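Examination of the molecular architecture
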Amino acid sequence: MKKSSVVSLVVAAFIITIIAELIGTQRINVGIGTIVLLPMLFAVVMGILITPGVLGKRIAALGKAIGTEEVDLAGTFVMVALLPLGVKYGTLVGPNIVKVIEAGPALLLQELGNLGTILLALPVALLLGLKREAVGATFSICRESALGIIGEKYGISSPEGTGVLGTYLIGTLFGTIFFSILGSLSLSTGLHPYALAMATGMGSGSMMAAASGALSEAVDPAMKETVLAYAATSNMLTGVTGLYAEYFLGLPITNFLYKKLEPVLGRRK
Amino acid sequence: MSEKSAKFKNYSLVLLITGVMILVGQWIGYDKAIIPSIPGMILVLLIAFIALVIKEYVPAIKFPAFAWASLIAFILSMPFMPTAAPFLKYTNEVVFLGTTTPILAFAGISVGNKLGEFKTLGWKVFIVAIFVFSGTFFGSAIVSHIILSATGII
């Protein structure tokens, strides 16, 4: 790590953190429910804004301080900075271990619910005119394990590979923003907060944190700790089962449905 | 200096920086005085470091460091563990939401060089991804809701 890069990256992230905490948690009533905007949402938006591709190219001094080198370095920092959050999740699950075991059947079976993406997103992708790209893009939430599966089976430069990379990239760029809004807003569907909590564990630490953090601030304070404990447990389970579910269920089901649906929904050339 | 010790030196540095950012952030955002939160933060950082060491030296188990960190804290805080009471007393001084802000500040900066790729993807991929996220989320939530009702938890 180059010293000057570390210093400018840390100074930038520190200033962003301070501003985000000064803004604090904001609640916006939108009629159908309340959107809880957490400091982490403001932090990710400010982080994107100061990069070379956005404000960096307009403001010369900023572009000089945060360049390609600092952007690359930030990736390493994320991996390590996630760990204190991991510890906190552990301290939320431990004391609630009895509750978590009682909810075991729901926690295990809801992993299958992750396949809901196929039912919802595959038809949409076909209607939009995607072909084999649709299989890669919709068979799972497309985190690292999915990249591995598609990469091995079809090759990452195949149409399926283009699809999986597309969803992966959108998830990386906008996943936390999307889920930090959906996390609190989803309460208005009438689904129980505990069920929504389990749903936030999708195999991505930062998306889970965004969704469950917002959800936990929107629910009755008495439920807060259980919400976070279920979320963390669900995410750990997805970490263990996700790869197998994607490989043995997600991909075969998507391929099967593709064969059935593509002739009906796919656009003719 | 060997490659590994240089790596761990870097890890320690990043952990310390993150720790300071969290302490200042939670002082501003959640009124947590900095000095009384330090022992808890040291515990958190220590576990984080151990997680990185395990990941490096037990590569046979393909578990990310994040999961190791959760697992260690989970074991130390289970009700029947003698460590639970003191461990939770100190780590409770580290606010859950406070730990998320620095991560996302770095995460935001780290996606900066991918914005160009996003422009080449086009709006169709964006729409599909939104349906992927929603489908995954609500698929799980609906199954959970049904099973939780059936087992009498909600």
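Quick caveat: nothing in here was measured; it's all calculated off a predicted structure.

Rules used throughout
- Residues numbered from 1 in each chain as written.
- Chains lettered and ligands numbered in written order.
- Predicted model: local features only at pLDDT ≥ 70, side-chain atom pairs only at ≥ 80, totals over all residues.
- Heavy atoms only, no water.
- Helix = DSSP H or I, 4+ residues; strand = E, 2+ residues; numbered from the N terminus.
- Rg over C-alpha atoms; globule rule 2.2 N^0.38 Å.
- Buried < 20%, exposed > 50% of the residue type's maximum accessible area, 1.4 Å probe, protein only.
- Contact = heavy atoms within 4.5 Å.
- Phe/Tyr/Trp six-rings, centres within 6.5 Å; stacked < 30°, edge-to-face > 60°.
- Buried area = accessible area lost by both parts, 1.4 Å probe.
- Expected span 1.5 Å × (residues − 1).
- pLDDT = per-residue confidence, 0-100.
- Pairing = 2+ DSSP bridges.
- Domains from an automatic or database assignment.
- Axes fitted to C-alpha atoms, helices over the stretch in contact; angles between N-to-C directions.
- Parallel < 35°, antiparallel > 145°, perpendicular 65-115°, else oblique.
- Left-handed = near helix turned anticlockwise from the far one by under 90°.
- Nonpolar A, V, L, I, M, F, W, Y, C, P; charged D, E, K, R; others polar.
- 1 Å grid on protein atoms, 1.4 Å probe; cavity = no way out; pocket = protein on both sides within 12 Å on 5 of 7 lines; lining within 4 Å.
- Points joined across faces, edges and corners; volume = space filled by probe spheres on them.
- Salt bridge = Lys/Arg side-chain N within 4 Å of Asp/Glu carboxyl O.

**Details of the overall build of chain A**
A count of helical and extended segments in chain A gives 14 helices and 2 strands. Here the C-alpha radius of gyration of chain A, 20 Å, is about what a compact globule of 269 residues would show, namely 18 Å. Along the first, second and third principal axes, the C-alpha atoms of chain A reach 55 × 50 × 40 Å. Out of the 269 residues belonging to chain A, those deemed buried represent 59%. A separation threshold of at least 6 residues defines the contact pool for chain A, and within that pool the share at least 24 residues apart is 70%.

**Here's the deal with the packing of aromatic side chains**
With the rule as written, the count across this model stands at 16 aromatic pairs over all chains. A ring pair is formed by F179(A) and F133(B), whose centres lie 5.7 Å apart and whose planes are at 50°; its orientation type is tilted. Of the two residues, F179(A) is situated in helix α11 (residues 159–185) and F133(B) in helix α7 (residues 123–150); the pairing between them involves two chains. Through a chain of ring-to-ring contacts, the aromatic side chains of F178(A), F179(A), F133(B), F137(B) and F138(B) assemble into a single cluster.

**Digging into the interface of chain B and chain A**
With 87 residues of chain B at the contact, the number on the chain A side is 104 residues. Taken over both partners, the interface formed by chain B and chain A buries close to 8400 Å², and the fraction arising from carbon and sulfur atoms is 85%. Among the secondary structure elements, those contributing two or more residues to the side of chain B that touches chain A are α1 (3–30), α2 (34–57), α3 (65–76), α4 (84–91), α5 (96–110), α6 (115–121) and α7 of chain B. Considering every element that reaches the side of chain B that touches chain A, the biggest residue donor is α7(B), with 25 residues.

**Some words on unusual backbone geometry**
One non-glycine residue, C142(A), lies in positive phi territory at about 65°. Topologically, C142(A) is positioned in the loop between α9 (133–138) and α10 (144–153). A positive phi angle is found at D31(B), which is not glycine, with a value near 55°.

**Description of α7(B)**
The end-to-end C-alpha distance of α7(B) is 41 Å, a good match for the 40 Å that 28 residues give at a rise of 1.5 Å each. One or two residues past the end of α7(B) sits G152(B), with phi positive at roughly 75°.

**Points about the confidence of the model for chain A**
For chain A, mean pLDDT is 94; residues scoring 70 or higher make up 99% of the total. Mean pLDDT values for the elements of chain A range from 89 in helix α3 (residues 52–56) of chain A up to 98 in helix α12 (residues 193–199) of chain A.

**A closer look at the pairing of strand β2 (residues 34–37) of chain A**
All names here are of chain A. Judged from the 4 bridges that link them, strand β1 (residues 26–29) and β2 form a sheet pairing that is antiparallel. Following the sheet pairing, Q26 is matched in β2 by L37. The antiparallel hairpin formed by β1 and β2 contains 4 residues in its connecting segment, where G31 sits at a positive phi of about 85°.

**A word on the domain arrangement of chain B**
For chain B, the domain assignment lists domain 1 (3–110) and domain 2 (114–154). Just the C-alpha atoms count here: the centres of domain 1 of chain B and domain 2 of chain B sit 29 Å apart.

**What about the environment of G29(B)?**
Residues and elements named next belong to chain B. Locating G29 in the fold gives a position in helix α1. The class of G29 is partly exposed, set by a relative accessible area of 32%. In this structure, the C-alpha to C-alpha distance between G29 and M81, residues 52 residues apart in sequence, is 32 Å.

**Some remarks on the packing of α10(A) against helix α14 (residues 224–265) of chain A**
All names here are of chain A. Following both chains from N to C, one finds α10 and α14 inclined at 50°, their axes separated by 9 Å at the closest point. Between α10 and α14, the angle is such that the two are oblique. Viewed along their axes, α10 and α14 form a crossing whose handedness is right-handed. Packed against α10, whose contacting residues are S145, A146, I149, I150 and K153, the element α14 presents L243, E246, Y247 and L251 at the interface. The class makeup of the residues in the contact of α10 with α14 is 6 nonpolar, 1 polar and 2 charged.

**A look at the layout of surface pockets**
Once rolled over the atoms, a probe with the size of a water molecule shows which space is left empty. Estimated volume of the second largest pocket: approximately 340 Å³. The wall of the second largest pocket is formed by 16 residues, among which K88(A), L92(A), K224(A), N92(B) and F96(B) lie closest to the centre. Every element with two or more residues in the lining of the second largest pocket is listed here: α5 (68–93) and α14 of chain A together with α5 of chain B. A breakdown of the residues in the lining of the second largest pocket according to their chemical character gives 9 nonpolar, 2 polar and 5 charged.

**With respect to the pattern of salt bridges**
Residue and element names in this part refer to chain A. For the coordinates displayed, the defined rule picks out 8 salt bridges over all chains. Ionic pairing is found between E160 and R132, a salt bridge with its closest N-O pair at 2.8 Å. In this pair, E160 is assigned in helix α11 and R132 in the loop between α8 (116–127) and α9, connecting sequence segments 28 residues apart. You can call E160 buried: its relative accessible area is 7%. Its relative accessible area of 24% is what places R132 among the partly exposed residues. Residue E217 pairs with K224 through a salt bridge whose shortest N-O separation is 3.0 Å. The class of E217 is buried, set by a relative accessible area of 18%. Residue classification places K224 among the partly exposed residues on the basis of a relative accessible area of 33%. Via salt bridges that share partners, R27, E217 and K224 belong to a single interconnected network.

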